[in-house]
Amino acid sequence: MGETATGMRFDTKLIHGGTAPGPYGATKTPIIQSSAFAYDTAEELEDLFKGRAIGQVYTRIGNPTLEALEKRLAAVEDGIAAIVTASGMAAITTAVMAIVRSGDEILSSASLFGGTYSLFRDTLANYGITTRFVDPTDLDALAAAVNDATRLIFVETIGNPKMDVPDIAAFAAIAQKSGVPLMVDATVSTPYLARVKELGADIVVHSTSKFINGTANSIGGAIIDSGSFDWNSAKFPHFEPFYRKYRNFAFTARTRKLIHKDFGACAAPLNAFLVGEGLETLALRMERHCANALKLAGFLAAHEKVAWVNYPGLPDSPFFEVANRQFQGRFGGVLTLGLADKPSAFRLINGLKLAKNLANIGDTKTLVIHPASTICADYSLEVKALMGVSEELVRVSVGIEDARDIVADFARALDNL
Amino acid sequence: MNLTVNGKPASIAADDAISVSNLLETLQVAQREYVTVELNGDILDRDGFDAATVRDGDTVEFLYFMGGGSL
Ligand SMILES: Cc1ncc(COP(=O)(O)O)c(C=O)c1O
């Protein structure tokens, strides 16, 4: 997508892919903070509403600053089109609701971000959409769980906070065989670890609030259409009018013209601008996030007060092999560690001076949280176990500070436990 | 050659037939990678733009998935 994107290597694409020159020679698309867009004649606006002409009408539907980011994200993920949304949850909700209808089923990895789990298990269930959860490492169970009502398979590239790494290509093979699309939440891996389209993702979703934005200055989400799924299918009669007109853009067309427009979870132009700023430095930051996380994981794994460390980059991790292959030797910026018990986990968090105790990942700053008492507090012990959340677990989003300072912060806090 | 394009009469500097790709170029249609073309009421395949021919008197509509619809 976008002439400039072709032939560029990934790091270059982050900066130049899908970009267009701005007004006055500006190298950025300005923040067009306008709710609506005026036309000289009634005829022009009529053409726009008929979809005969292209142009901006109303920022919930489209806006130049949002469109600039959409083109860049589509280029980065090698997609055919993208839609940016108010948040990562808005991206997931919008993309999922564009596909499933009442009576349909979602087959999802059980290892999910808490908000997505709650959306699937509770919220969508109230609208007649059932989700079956399976262990993402049990591919036989996944294949066996597909039934006539399945309309979508959903998985996270790196489970947050379980830190398990499913084999995305194997998920894609099952989805393809079943005639349903595979949607992949690639928030934790980011496009830097893998372009999941290459692994077979039909739809990619991101919380851009995390690593893509990178400095935690705004909430945002994105839906990227790989253009790979054949919507001309008896399983998806609701896509028929969109397939007829827009062919491989059927998903983006239905999402834009119906679901995104009606649910209305559009991004703000300022936030889209900020996400675009972050995107330019994603590769540079991820390189450091990954290097620092590996160093911290190694330090923690060798520490006598640490019971266990879960980071796919540690050679004894059960996910090392698949992660190493899938992400080409890069393992992301998030890890979890276990201490003796919950009081020790709290003492560690309280003893850290550099790392901030807050509910987020993907900031330049090192972040920690005790998921069992916070972001997963509402879930039963059984569900927590499914998500890999235990009382002694601390999640760390490793920042891009000097690794020696991060390690020293943990060393001091562990010594004082 | 006279056509009806998006509901309006349009005069094209061509004798009796041009390809749809050619027409998109001639009319400088915006964002051609996304446009859907309807020729005399039939939606064309995107990869058939070179082969499809537009003749004098034809009706052509260009449609986009990005905008449109009731707000
Ligand atoms: C994997 C994953 N998906 C989705 C979300 C939701 O994104 P947001 O907070 O931007 O709505 C998050 C984080 O909050 C996440 O970590």
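Residues numbered from 1 in each chain as written. Chains lettered and ligands numbered in written order. Predicted model: local features only at pLDDT ≥ 70, side-chain atom pairs only at ≥ 80, totals over all residues. Heavy atoms only, no water.

A closer look at the overall build of chain A
Line of reasoning, step 1. Counting its regular elements, chain A contains 17 helices and 12 strands.
Line of reasoning, step 2. The C-alpha atoms of chain A give a radius of gyration of 22 Å, which matches the 22 Å a tight globule of 417 residues would have.
Line of reasoning, step 3. Projected onto its principal axes, the C-alpha coordinates of chain A cover approximately 75 × 55 × 40 Å.
Line of reasoning, step 4. Looking at chain A as a whole, 56% of its 417 residues qualify as buried.
Line of reasoning, step 5. Within chain A, contacts between residues separated by at least 24 positions form 71% of all contacts whose residues are at least 6 apart in sequence. (Helix = DSSP H or I, 4+ residues; strand = E, 2+ residues; numbered from the N terminus. Rg over C-alpha atoms; globule rule 2.2 N^0.38 Å. Buried < 20%, exposed > 50% of the residue type's maximum accessible area, 1.4 Å probe, protein only. Contact = heavy atoms within 4.5 Å.)

So, the site of the ligand
Residue and element names in this part refer to chain A.
Line of reasoning, step 1. Near the ligand there are 15 residues, and of these Gly88, Asp185, Ser207, Ser209 and Lys210 occur at the shortest range.
Line of reasoning, step 2. Taking methionine 89, its main chain carries an N or O atom lying 2.8 Å from an oxygen atom of the ligand.
Line of reasoning, step 3. One of the side-chain nitrogen or oxygen atoms of serine 209 is found 2.6 Å away from an oxygen atom of the ligand.
Line of reasoning, step 4. Protein contacts shield 91% of the accessible area of the ligand, which totals 380 Å² for the unbound molecule.
Line of reasoning, step 5. Considering every element that reaches the shell around the ligand, the biggest residue donor is helix α4 (residues 88–99), with 3 residues.
Line of reasoning, step 6. Grouping the constituent residues of the shell around the ligand by class yields 5 nonpolar, 7 polar and 3 charged. (Near = heavy atom within 4 Å. Polar contact = N/O pair within 3.5 Å; in protein donor to acceptor, adjacent residues only side chain to side chain. Areas by Shrake-Rupley, 256 points an atom, 1.4 Å probe, with all protein chains shown as cover. Nonpolar A, V, L, I, M, F, W, Y, C, P; charged D, E, K, R; others polar.)

Here's the deal with the environment of Ala267(A)
Line of reasoning, step 1. If you trace the backbone, Ala267(A) turns up in the loop between α11 (250–263) and α12 (269–280).
Line of reasoning, step 2. The spacing of Ala267(A) and Gly220(A) is 47 residues in sequence and 6.6 Å in space, taken between C-alpha atoms.

Quick notes on the sheet that holds strand β9 (residues 334–338) of chain A
Residues and elements named next belong to chain A.
Line of reasoning, step 1. The strand order across the open sheet formed by 5 strands is β8-β9-β12-β11-β10, and the pairing between neighbours is mixed. Two strands close off the open sheet at either side, each with one partner strand: β8 (308–310) and β10 (356–357).
Line of reasoning, step 2. Two elements, β10 and strand β11 (residues 367–369), share 2 bridges in a ladder whose sense is parallel. In the strand pairing of β11, lysine 356 is matched with leucine 367.
Line of reasoning, step 3. Lying over the sheet, helix α13 (residues 282–301) contacts β8, β9 and β12 (393–397), oriented at roughly 10° with respect to β9. (Pairing = 2+ DSSP bridges. Axes fitted to C-alpha atoms, helices over the stretch in contact; angles between N-to-C directions.)

Some words on the domain arrangement of chain A
All names here are of chain A.
Line of reasoning, step 1. As far as domains go, chain A holds domain 1 (10–279) and domain 2 (283–415).
Line of reasoning, step 2. Centre-to-centre separation of domain 1 and domain 2, based on C-alpha positions: 28 Å.
Line of reasoning, step 3. For the pair domain 1 and domain 2, the summed buried surface comes to about 3,200 Å²; carbon and sulfur atoms form 64% of the total.
Line of reasoning, step 4. For the domain 1 face of the interface with domain 2, the top three residues by lost area are Met163, Tyr192 and Phe211, together amounting to 24%.
Line of reasoning, step 5. Counting the contacts that link domain 1 with domain 2 gives 1 salt bridge.
Line of reasoning, step 6. Aspartate 167 is paired through a salt bridge with arginine 325; the nearest N and O atoms lie 3.8 Å apart.
Line of reasoning, step 7. On the surface where domain 1 and domain 2 come into contact, there are 14 residue pairs in polar contact (both at pLDDT 80 or more).
Line of reasoning, step 8. Of all the secondary structure elements, the ones that give two or more residues to the side of domain 1 that touches domain 2 are α1 (10–16), α5 (114–123), α7 (168–178), α8 (190–193) and α12.
Line of reasoning, step 9. Ranked by residues supplied to the side of domain 1 that touches domain 2, first place goes to α5 with 4 residues. (Domains from an automatic or database assignment. Buried area = accessible area lost by both parts, 1.4 Å probe. Salt bridge = Lys/Arg side-chain N within 4 Å of Asp/Glu carboxyl O.)

Digging into the side chain of Asp58(B)
All names here are of chain B.
Line of reasoning, step 1. Relative to the elements of secondary structure, aspartate 58 occurs in the loop between β6 (53–55) and β7 (59–63).
Line of reasoning, step 2. Although buried, aspartate 58 forms no salt bridge, and the nearest oppositely charged side chain, arginine 55, lies 5.8 Å from it.
Line of reasoning, step 3. In contact with aspartate 58, not counting residues within four places along its chain, are Asn2, Leu3, Thr4, Leu39, Asn40 and Thr53. (Lys, Arg positive; Asp, Glu negative; His and termini not counted.)

Overview of the interface of chain B and chain A
Line of reasoning, step 1. Contacts between chain B and chain A engage 22 residues on the former and 27 residues on the latter.
Line of reasoning, step 2. Counting each side, the surface lost to burial between chain B and chain A is near 2,300 Å², with a carbon and sulfur contribution of 55%.
Line of reasoning, step 3. Connecting chain B to chain A are 3 salt bridges.
Line of reasoning, step 4. Of the charged contacts in the structure, one is a salt bridge between Glu61(B) and Arg52(A), with a shortest N-O distance of 2.8 Å.
Line of reasoning, step 5. With 3 residues, β7(B) is the single largest residue contributor to the side of chain B that touches chain A.

Re the packing of α4(A) against α11(A)
Residues and elements named next belong to chain A.
Line of reasoning, step 1. One way to put it is that α4 packs onto α11 with a least axis distance of 9 Å and a crossing angle of 120°. As for the relative orientation of α4 and α11, their crossing is right-handed in sense. Counted together, Thr94, Ala95, Met97, Ala98 and Ile99 of α4 and Phe251, Arg254, Thr255, Ile259, His260 and Phe263 of α11 form the full contact between these two elements.
Line of reasoning, step 2. Split by residue class, the contact of α4 with α11 holds 7 nonpolar, 3 polar and 1 charged. (Left-handed = near helix turned anticlockwise from the far one by under 90°.)

Quick word on the pattern of salt bridges
Close approach of charged atoms lets side chains of opposite charge pair.
Line of reasoning, step 1. All told, the structure shown has 18 salt bridges over all chains when counted by the stated rule.
Line of reasoning, step 2. Lys71(A) serves as the salt-bridge partner of Glu67(A), at 3.2 Å between the closest nitrogen and oxygen. Of the two residues, Glu67(A) and Lys71(A) are both situated in helix α3 (residues 64–76); the distance of 4 residues between them amounts to about one turn of the helix.
Line of reasoning, step 3. The class of Glu67(A) is partly exposed, set by a relative accessible area of 25%.
Line of reasoning, step 4. According to the relative accessible area criterion, Lys71(A) is buried, its value standing at 19%.
Line of reasoning, step 5. What emerges from the salt-bridge pattern is a single network uniting Asp47(A), Arg52(A), Lys8(B) and Glu61(B).

Remarks on the environment of Glu287(A)
Line of reasoning, step 1. Structurally, the position occupied by Glu287(A) is in helix α13.
Line of reasoning, step 2. In this structure the C-alpha to C-alpha distance between Glu287(A) and Lys210(A), which are 77 residues apart in sequence, comes to 15 Å.

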